[in-house]
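Structure at a glance
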Amino acid sequence: MDIQYVGEHLLPGKIGQFFIVLAFGTSLLSTIAYYFQTVKDKNDTSWRQIARWSFRVQSVAVVGIIASLFYIIYNHYFEYNYAWAHSSKTLPVEYMISCFWEGQEGSFLLWAFWQLVIGNIIMRTAKTWEDSVMTIIGLSQVFILSMLLGVEVLGHRIGSSPFILLREAMQAPIFKDPEYLIKYIADGKGLNPLLQNYWMVIHPPTLFFGFASMVAPFAFAIAGLWTKRITEWIKPAIPWALVAVMVLGTGIIMGSFWAYEALNFGGFWAWDPVENASLIPWLTMISAVHVLVVYKNTGHSYFTALFLTLISYILVLYASFLTRSGILGETSVHSFTDLGMSGQLVIYVLAFLALSIVLIVFNWKKMPFTEKEESIYSREFWMFIGALVMTLSCLQIIGFTSVPVINKLFGTDIAPPLEPVAFYNQWQMPFAVVVAILLGFSQFMKYKKSEPVKFWISTGVSFVMSMLITAIVAYFTLFNGLTTIYGEGFKNTNDFNWMFLVLVFAAVFGVLANFTVLSDAIKGKFKLTGSAIAHIGFGLMLVGALIAASQNKVISINTAGLDYGSQFDAKNKRENILLWKNEPMKIDKYTVTYLGDSTVGVNTYYRVNYKAFDANNQVSENFDLYPLGQQNPSMGLVASPDTRHYLTHDIYTHVSSVPKKETEEEEHKPHEGHNDDEEYEKPVTYKVGVGDTIFFDEGKVVVKGINKNAQLKDIPLTSNDLAVGLMLDVIANDNNEITPVEPIYLIKNNAVFSFAKKMDEFGLKFKFVNILPKENKFELVMLKKPGKQKDYVIMKAIVFPYINLLWSGTIIMVIGFLFAIARRVKEFRASEKTTGKKAKQTA
């Protein structure tokens, strides 16, 4: 007999699932219709009409899926697995939008949406390319929408629907109860606290727009090979390739900004495998853009341009496989868990790879290969070398990011890099040097052949000027000039690294050379504006990233030598300070004071005041920062920094440890022995392991271990009983005197007892209330008498010098891309107009 469940809202899910099936069906129909329009009689446009209308219906259906899913999330219909797993009642509306892309299904939906936007633009603008290009885009859309189907065919599940019910997604006894929703599902699991940041509202849509836009140049290249327009595809593909690198690059930098603003690792790029997966296709597509331009201007390097264009989208698909198959689960904190779609993802990658290879093989003899070698004094030669270097850089990243895949395929046990930041920086820095120098001196060359004397004079002048500017920049960034600006705390004690100096020179040379080109562009050669601006932005990004990453300084040095327990490794013990409330402390040139906290929803903001004084002891700087700490039930303390931005530097602060606060729910939760504890403040429960430390205003409590042979006075124990003591050392601040205490946890006759221990001199009481064997942790309840406990934070502060060079370089680079896109679109329209006139004359 079927169970009649109470309180479920099934209609929005059924509507959403209907739209999924409709979108998939119309994407298939659109692809087939565009295919037949491409291969059949061009004078009969009936297939094209079917294709266009089915694509439009598909667009409406995808919007319907999005609307249905948002309706479910917004109304907290936790009977749906997606809403329960990724949202909660406390989320503000903007973060409900973020719920969309936290899960795999939502991110595929976002990808499908952007691909539809691109498809609709191409449908209106591609003219003679519409049928063939839209066939390829439609095929890609079929694969993506199949990921949302969530149906079983011949015993194999295809896709994962965001509208699956919670009781269908998991097996649990509660689902035998018709009122499970009312009785047991009070709220959803909520959005990952690290994703509750405004950058995560806009970063994933931008990134997926970048991924989706990669399909356009790929589709033009495939369409060109398929319809024997072997070289014609390059002109319309260039603007789309520029759009792809601009949008994907912007999305990647937004991710860096999110990491910098929201994560507490103290940086903007961690070389995490998921970060690398987004960078790989960007590197190959930026190489493709340069080689496409080379072919357009000289007729050289056709195959390289074709290969890089095709491989860029295939690498997007490969990156998707890496991040969604669960294979990076042990090496990345960002990757999705496997939803059983690994097979589909592999088929998706292989299908597009096979299509590319087959078309290349069949058209090999028709491809233009130039036998004439490029002159070493030609721009195309060095642009080709630059593209080659970027491709090698990409291969290094792919190789080491793919270590888990290699281990899985070949049964090897290769370890990924232990220190990924240092490892990848060491490899990538030489590539960056070469690219920066190339983007400088290649600007003084012309296509086909340059005049050597003029080239060497221009290069020589820029070279000498760059040496001088580098010396100044290096002094104020890498050497003791930092102390002039930021004080003695910035005295450089690191080992000198020549590569830093070489990279600064290369980037300065690149920027300076492109400023020369930009000045010519302003005088009338406007078509050069886009590339010059984009290159200047790239050079500034390199300088900013290098200085901010290599010269940032931790100013919160633990000079008192306090031991914060095993939660902190040696480095973090040295780089964190303990601030008691309203007790100022001097760090570097600042006097910092923790002034209290305020709680908004699940987040607590800790107010930390910074003051700096001039030589006359007058306040020269005075500001507050509000680093955030959320005590998450499953993740512990989730901290997000707050940053003070200056033109020349940032001051970045995050909390590393704070006193645990009881939630409203916990406050009203009955505690064992509550009636005996009325003279104490409300109890606080800690989940601790051996070596952990809990601070209170007069000292700290260190967990030393457990006593498996604990004894209780007047309570005889049998072999069936379990008595365990939690060995604690209470250490006083004033004299470091250590007092051991041992609360005991007892199981006797299948009943659980907790025997508390008191420390009257500190007004403390401890209860050992639970053992968590799977987590190797213990639950300790600590009580304190009123008037004794003071608030504190343990925090870290870092100064990032010149980081605005990184962000401003990004903005300048995007502006350069916009100029370049406008130029290439204009060229494409002009060429289409010419083609149309010729066709009319021929007719």
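What you are looking at is a predicted structure, and each value in this text was computed from that prediction instead of being measured.

1. Focus: the overall build of the chain
Broken down by element type, the chain carries 24 helices and 23 strands. Its C-alpha radius of gyration of 31 Å places the chain within 12% of the 28 Å reference for a compact globule of 843 residues. Across its three principal axes, the chain shows a C-alpha extent of roughly 110 × 85 × 50 Å. On the chain, the mean spot of the 71 positive side-chain charges and the mean spot of the 69 negative ones are 13 Å from each other.

2. Brief notes about the packing of helix H2 (residues 46-74) against helix H5 (residues 104-125)
Following both chains from N to C, one finds H2 and H5 inclined at 150°, their axes separated by 10 Å at the closest point. The angle between the axes of H2 and H5 places the two elements in the roughly antiparallel class. The handedness of the crossing between H2 and H5 comes out as left-handed. For the pair H2 and H5, contact is made by Arg 52, Phe 55, Arg 56, Gln 58, Ser 59, Val 62, Ile 65, Ile 66 and Leu 69 and by Leu 109, Phe 113, Leu 116, Gly 119, Asn 120 and Met 123, respectively.

3. Observations regarding the packing of H2 against helix H6 (residues 130-146)
Viewed as axis vectors pointing N to C, H2 and H6 meet at an angle of 35°, and their least axial separation amounts to 12 Å. For the pair H2 and H6, the sense of crossing is left-handed. When H2 is examined against H6, the residues Arg 48, Arg 52, Phe 55, Gln 58 and Val 62 are found in contact with a partner set consisting of Glu 130, Asp 131, Met 134, Gln 141 and Leu 145. Across the contact of H2 with H6, the residue classes break down as four nonpolar, two polar and four charged.

4. A closer look at the environment of Lys 365
With respect to the helices and strands, Lys 365 occurs in the loop between helix H14 (342-362) and helix H15 (379-401). Sequence spacing of Lys 365 and Val 701 is 336 residues, and the spatial spacing of their C-alpha atoms is 77 Å.

5. Some words on helix H21 (residues 529-551)
The end-to-end C-alpha distance of H21 is 33 Å, a good match for the 33 Å that 23 residues give at a rise of 1.5 Å each. Of all the 23 residues making up H21, 20 are buried; the element is thus mostly covered by neighbouring parts of the structure.

6. Quick word on the sheet that holds strand E20 (residues 757-759)
A sheet is described by the order of its strands in space; here four strands give the open sequence E13-E22-E21-E20, paired in antiparallel fashion. Each edge of the open sheet is held by one strand with a lone partner, namely strand E13 (684-688) and E20. Taken pair by pair, the neighbouring strands of this sheet meet at an average axis angle of 30°, ignoring direction. Pairing analysis gives three bridges linking E20 to strand E21 (residues 764-772), with the strands arranged antiparallel. Across the sheet, the residue bridging to Met 759 is Leu 764, located in E21.

7. Concerning the pattern of salt bridges
For the structure shown, the criterion picks out 14 salt bridges. Here Glu 179 and Lys 183 are joined by a salt bridge, their closest N and O atoms 4.0 Å apart. For Glu 179, a relative accessible area of 35% gives the class partly exposed. By sharing partners, the salt bridges in this structure join Lys 296, Arg 823, Arg 824 and Glu 827 into a single network.

8. Concerning a nonpolar patch on the surface
On the surface, a cluster of nonpolar side chains totalling about 830 Å² of accessible area is made up of Val 453, Ile 457, Val 461, Phe 463, Val 464, Met 465, Met 467, Leu 468 and Ile 469. If you trace the backbone, Ile 469 turns up in helix H18 (residues 452-477).

9. Looking at the nonpolar core
Membership of the largest hydrophobic core comes to 177 residues, with the highest contact counts inside it found for Trp 111, Ile 122, Trp 233 and Tyr 313. The element contributing the most residues to this core is helix H11 (residues 234-262), with 20 residues. Apart from residues lying up to four places away in sequence, Trp 111 is in contact with Ile 144, Phe 208, Phe 211, Ala 212, Tyr 313, Val 316, Leu 317, Ser 320, Arg 324 and Tyr 348. Residues Val 684, Val 724, Phe 762 and Leu 764 belong to the second largest nonpolar core, which totals 22 residues.

10. Some remarks on a negative patch on the surface
A contiguous patch of negative charge, built from Asp 734, Glu 737, Asp 760 and Glu 761, is present on the exposed surface. Examined against the element boundaries, Glu 737 turns out to sit in the loop between strand E16 (722-732) and strand E17 (738-741).

11. So, H14
Between the first and last C-alpha of H14 there are 30 Å, a value that for 21 residues agrees with the 30 Å anticipated at 1.5 Å per step. Of all the residues in H14, the buried ones are Ser 342, Gln 344, Leu 345, Tyr 348, Val 349, Phe 352, Ser 356, Leu 359 and Ile 360. In the core, the buried residues of H14 are packed alongside H5, H6, strand E2 (156-158), helix H10 (215-226) and helix H13 (302-324).

12. Let's talk about the packing of aromatic side chains
Within the structure shown, the criterion is met by 59 aromatic pairs. Each ring, one from Phe 423 and one from Tyr 424, has its centre 5.3 Å from the other, and the planes form 85°; the classification is edge-to-face. The exposure class assigned to Tyr 424 is buried, which follows from its relative accessible area of 3%. Taken together, a centroid distance of 6.4 Å and an interplanar angle of 70° make the contact between Phe 463 and Phe 509 edge-to-face. One end of the pair, Phe 463, is in helix H18; the other, Phe 509, is in helix H20 (residues 498-522), with 46 residues separating them in the sequence. Judged by its relative accessible area of 3%, Phe 509 falls in the buried class.

13. Observations concerning the pairing of strand E14 (residues 693-696)
Neither face of E14 is left uncovered, since the one carrying Thr 693 and Phe 695 and the one carrying Ile 694 and Phe 696 both have all their residues buried. As defined by bridge partners, E14 adjoins strand E15 (residues 699-707) across four bridges and the pair is classed as antiparallel. Bridge pairing in E15 places Ile 694 opposite Val 701. Following E14, the chain reverses through two residues before pairing antiparallel with E15.

14. Focus on the confidence of the model for the chain
Taken over all residues, the pLDDT of the chain has a mean of 85, while the share at 70 or more is 92%. Of the regions scoring below 50 in pLDDT, residues 670-674 engages in nine contacts with residues more than four places distant in sequence or in other chains.

15. Focus: the side chain of His 649
If you trace the backbone, His 649 turns up in strand E12 (residues 649-657). Overall, His 649 belongs to the buried group, its relative accessible area being 10%. Only 3.0 Å separates the side chain of His 649 from the side chain of Thr 648, close enough to count as a polar contact.

16. Describing the environment of Phe 208
By the element assignment, Phe 208 lies in helix H9 (residues 199-213). Spatially, the C-alpha atom of Phe 208 lies 22 Å from that of Phe 163, the residues being 45 residues apart in sequence. Setting aside its immediate chain neighbours within four residues, Phe 208 contacts Ser 107, Leu 110, Trp 111, Trp 114 and Arg 324.

17. Section: the pairing of strand E7 (residues 603-613)
Inspection of the sheet shows strand E6 (residues 590-600) paired to E7 by ten bridges, in the antiparallel sense. Across the sheet, the residue bridging to Asp 597 is Tyr 606, located in E7. Counted between consecutive antiparallel strands, the loop separating E6 from E7 contains two residues, among which Gly 601 sits at a positive phi close to 65°. For E7 and strand E9 (residues 628-632), the ladder comprises two bridges, and the chain directions are antiparallel. Note that in E9 the partner of Tyr 605 across the bridge is Leu 628. Alignment of E7 against strand E8 (residues 619-625), held across six bridges, turns out to be antiparallel. Looking across to E8, one finds that Tyr 610 is bridged to Phe 623. Following E7, the chain reverses through five residues before pairing antiparallel with E8; Asn 617 in that reversal takes a positive phi of roughly 65°.

The rules behind the values
- Residues numbered from 1 in each chain as written.
- Predicted model: local features only at pLDDT ≥ 70, side-chain atom pairs only at ≥ 80, totals over all residues.
- Heavy atoms only, no water.
- Helix = DSSP H or I, 4+ residues; strand = E, 2+ residues; numbered from the N terminus.
- Rg over C-alpha atoms; globule rule 2.2 N^0.38 Å.
- Lys, Arg positive; Asp, Glu negative; His and termini not counted.
- Charge placed at Lys NZ, Arg CZ, Asp CG, Glu CD.
- Axes fitted to C-alpha atoms, helices over the stretch in contact; angles between N-to-C directions.
- Parallel < 35°, antiparallel > 145°, perpendicular 65-115°, else oblique.
- Left-handed = near helix turned anticlockwise from the far one by under 90°.
- Contact = heavy atoms within 4.5 Å.
- Nonpolar A, V, L, I, M, F, W, Y, C, P; charged D, E, K, R; others polar.
- Expected span 1.5 Å × (residues − 1).
- Buried < 20%, exposed > 50% of the residue type's maximum accessible area, 1.4 Å probe, protein only.
- Pairing = 2+ DSSP bridges.
- Salt bridge = Lys/Arg side-chain N within 4 Å of Asp/Glu carboxyl O.
- Patch = residues over 30% accessible without salt bridge, like charges linked within 9 Å, V, L, I, M, F, W, Y side chains within 5 Å.
- Areas by Shrake-Rupley, 256 points an atom, 1.4 Å probe, with all protein chains shown as cover.
- Core = buried A, V, L, I, M, F, W, Y, C linked by side-chain atoms within 4.5 Å.
- Phe/Tyr/Trp six-rings, centres within 6.5 Å; stacked < 30°, edge-to-face > 60°.
- pLDDT = per-residue confidence, 0-100.
- Polar contact = N/O pair within 3.5 Å; in protein donor to acceptor, adjacent residues only side chain to side chain.

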